[in-house]
Amino acid sequence: MIELTVNGKIQQLDVDPKTRLLWVLREHLKLTGTKYGCGIQNCGSCTVHVNDKAVRSCGETLEEMAGKNIITIEGLSEDNQHPVQRAWAEIDVPQCGYCQPGFIMATAAFLKMVPKPEDQMIDRLLTNICRCGTYNPVRGAIHRAAEIQKEEACKLSDSTVVIS
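I will try to describe carefully the structure that is included in this document. (Residues numbered from 1 in each chain as written. Predicted model: local features only at pLDDT ≥ 70, side-chain atom pairs only at ≥ 80, totals over all residues. Heavy atoms only, no water.)

On to the pattern of salt bridges. Two side chains carrying opposite charge are able to pair once their charged atoms lie near each other. In total, this model carries 8 salt bridges according to the counting rule given. For Glu90, the salt bridge goes to Arg144, with nearest N and O atoms at 2.7 Å. You can see Glu90 sitting in helix H4 (residues 83-91) and its partner Arg144 sitting in helix H7 (residues 135-159), a full 54 residues away along the chain. Classification of Glu90 as partly exposed rests on a relative accessible area of 48%. (Salt bridge = Lys/Arg side-chain N within 4 Å of Asp/Glu carboxyl O. Helix = DSSP H or I, 4+ residues; strand = E, 2+ residues; numbered from the N terminus. Buried < 20%, exposed > 50% of the residue type's maximum accessible area, 1.4 Å probe, protein only.)

The following block contains the structure:
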């Protein structure tokens, strides 16, 4: 039995420890938002968060994930209102949509590290592949998501009351 936390729920899995996390998520936990793309950690379609870092799940084994906290696209937000999801919808990024869950997860982790990204940084650090070529809308959505995060942070700081 291997235990890990997926989208806030503790999971105890009796699965071959060498099974790739991607297949555990899709086949055993029925979380099919995480997509299979290349199987060699190159395209990013399978990106999830592991302990708050973007990880390509096709290259990680279940035993490597033991005891870790995993968030999939299904767990990013209960109501699809995460700033990145909102920006993706607002900019209307997807064409076929296949790579988008991985792109959204990679972007959410990226914006935690780089809250005010520049185009060169986006191009260098976000290496997910989109066969439809939606890179310009993706870049626009990343900038929009950063704005939404900043707006939300300002609303929180404006509503904070200091009691002495």
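What follows covers a nonpolar patch on the surface. The grouping of Trp23, Tyr36 and Tyr98 at the surface amounts to a nonpolar patch, some 290 Å² of accessible area in total. By the secondary structure assignment, Tyr36 is in the loop between helix H1 (21-28) and strand E3 (47-50). Tyr36 gets classed as partly exposed once you look at its relative accessible area, which sits at 36%. (Patch = residues over 30% accessible without salt bridge, like charges linked within 9 Å, V, L, I, M, F, W, Y side chains within 5 Å. Areas by Shrake-Rupley, 256 points an atom, 1.4 Å probe, with all protein chains shown as cover.)

We now examine the sheet that holds strand E2 (residues 9-13). Think of a sheet as strands paired side by side through backbone hydrogen bonds, with each pair either parallel or antiparallel. Read from one edge to the other, the open sheet built from 5 strands follows the order E2-E1-E5-E3-E4, with strand pairing classed as mixed. At either margin of the open sheet sits one strand with a lone partner, and together these are E2 and strand E4 (53-56). The average angle at which neighbouring strand axes cross in this sheet is 40°, direction not considered. The pairing of E3 with E4 spans 4 bridges and is antiparallel. Counted as the bridge partner of Val48 is Val55 from E4. (Pairing = 2+ DSSP bridges. Axes fitted to C-alpha atoms, helices over the stretch in contact; angles between N-to-C directions.)

A few words now on the packing of aromatic side chains. Within this structure, the stated rule accounts for 3 aromatic pairs. Between Trp23 and Tyr36, the ring centres sit 5.4 Å apart and the planes meet at 35°, which makes this aromatic pair tilted. Taken together, the residues Trp23 in helix H1 and Tyr36 in the loop between H1 and E3 connect sequence positions 13 residues apart. (Phe/Tyr/Trp six-rings, centres within 6.5 Å; stacked < 30°, edge-to-face > 60°.)

Our next topic: the environment of Pro117. In this fold, Pro117 is placed in the loop between helix H5 (100-113) and helix H6 (119-125). Its relative accessible area of 8% is what places Pro117 among the buried residues. Each C-alpha atom, one on Pro117 and one on Gly59, is 27 Å from the other, the two residues being 58 residues apart in sequence.

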